[in-house]
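Structural characterization, general
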Amino acid sequence: MTSGIVRLGLSDALSEFLDVASMVPFFDKYPNIHIESLIGNSLREMQSLETDIALGYDAPEGDDLVLICRHSVKCGLFASQKYIDAYGMPKNITDLVENHRLCDMINHKAYAEGWGGILDKAKHLVYRSNSIYSFRRAVECGVGIGMCPFYYGDKKLVRIKNTGIKYDVAIYMVAHKDTKDMPRIRVTCLLYTSDAADDRI
């Protein structure tokens, strides 16, 4: 029976894209596998075998690391209903940057092409954080408009459609060449490669 601990390394920012709900049927099938989600410098820890699987924004480099899969996570702009009720829906990009409050997860502009340009033009970039939990809380509470994955935003927030702004954020899953075929690691990799890869991981 496949069993053991699998250490999944990722940054705080990438935890935004990790859909924990998809683990429910996985644990039904593999009740003796235990996943530890470890926040840190995942690729560096992967090379020292401190983690078994890593999720990162960048393709792996080095002979010891193996690319398992690449996901494209669809993202867009969202606000809370409280914000929309108070300030209205942006009419277009000009209205967005001139008249609306924006919230930002600090590293989003590095991986969502074009988002940095929107932020540079925005007159009211009111809140920025390097914590995904703090960023999401700000958007959910009505502080401003922020970029979120569709799978998350469509459940909890209101999608801002009038601007036409959409992004595909690339996420890479990496394993170590010496351990990737161990049963507990192999089946955990399959959890993410067989999931709805273009929406969430």
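Summarised in this report is the structure supplied together with it. (Residues numbered from 1 in each chain as written. Predicted model: local features only at pLDDT ≥ 70, side-chain atom pairs only at ≥ 80, totals over all residues. Heavy atoms only, no water.)

One pass over the structure, following the stated rule, counts 6 aromatic pairs. Here Phe-26 and Tyr-30 contribute two aromatic rings whose centre-to-centre distance is 5.1 Å and whose plane-to-plane angle is 45°, an arrangement assigned as tilted. Classification of Tyr-30 by relative accessible area gives buried; the value is 18%. Here Tyr-83 and Tyr-87 contribute two aromatic rings whose centre-to-centre distance is 4.8 Å and whose plane-to-plane angle is 45°, an arrangement assigned as tilted. On the criterion of helical spacing, the pair formed by Tyr-83 and Tyr-87 is a turn pair, its members being 4 residues apart in helix 3 (residues 81-87). Taking the relative accessible area as the measure of exposure, Tyr-83 reaches 1% and is therefore buried. (Phe/Tyr/Trp six-rings, centres within 6.5 Å; stacked < 30°, edge-to-face > 60°. Buried < 20%, exposed > 50% of the residue type's maximum accessible area, 1.4 Å probe, protein only. Helix = DSSP H or I, 4+ residues; strand = E, 2+ residues; numbered from the N terminus.)

So, on to the pattern of salt bridges. Applying the stated rule across the entire model yields 9 salt bridges. In this structure, the salt-bridge partner of Asp-168 is Lys-74, at a minimum N-O distance of 3.8 Å. Taken as a pair, Asp-168 in strand 9 (residues 166-176) and Lys-74 in strand 4 (residues 65-79) lie far apart in primary sequence, 94 residues in all. Members of the salt-bridge network, linked through shared partners, are Arg-7, Asp-52 and Arg-184. (Salt bridge = Lys/Arg side-chain N within 4 Å of Asp/Glu carboxyl O.)

For the rest of this paragraph, the subject is helix 7 (residues 132-140). Those residues of helix 7 not exposed but buried are Ile-132, Phe-135, Arg-136, Ala-138 and Val-139. Buried positions in helix 7, seen along its axis, are confined to an arc of 155° and lie on one side of it. What points out from helix 7, more than 90 degrees from its buried face, is the exposed set Tyr-133 and Arg-137. Summarising the contacts, the buried residues of helix 7 are in contact with strand 4, strand 5 (102-105), helix 5 (108-111), strand 6 (125-129), strand 7 (146-149) and helix 8 (150-156). Positioned one or two residues after helix 7, Gly-142 has a phi angle of 95°, which is positive. (Arc of directions from axis to C-beta. Contact = heavy atoms within 4.5 Å.)

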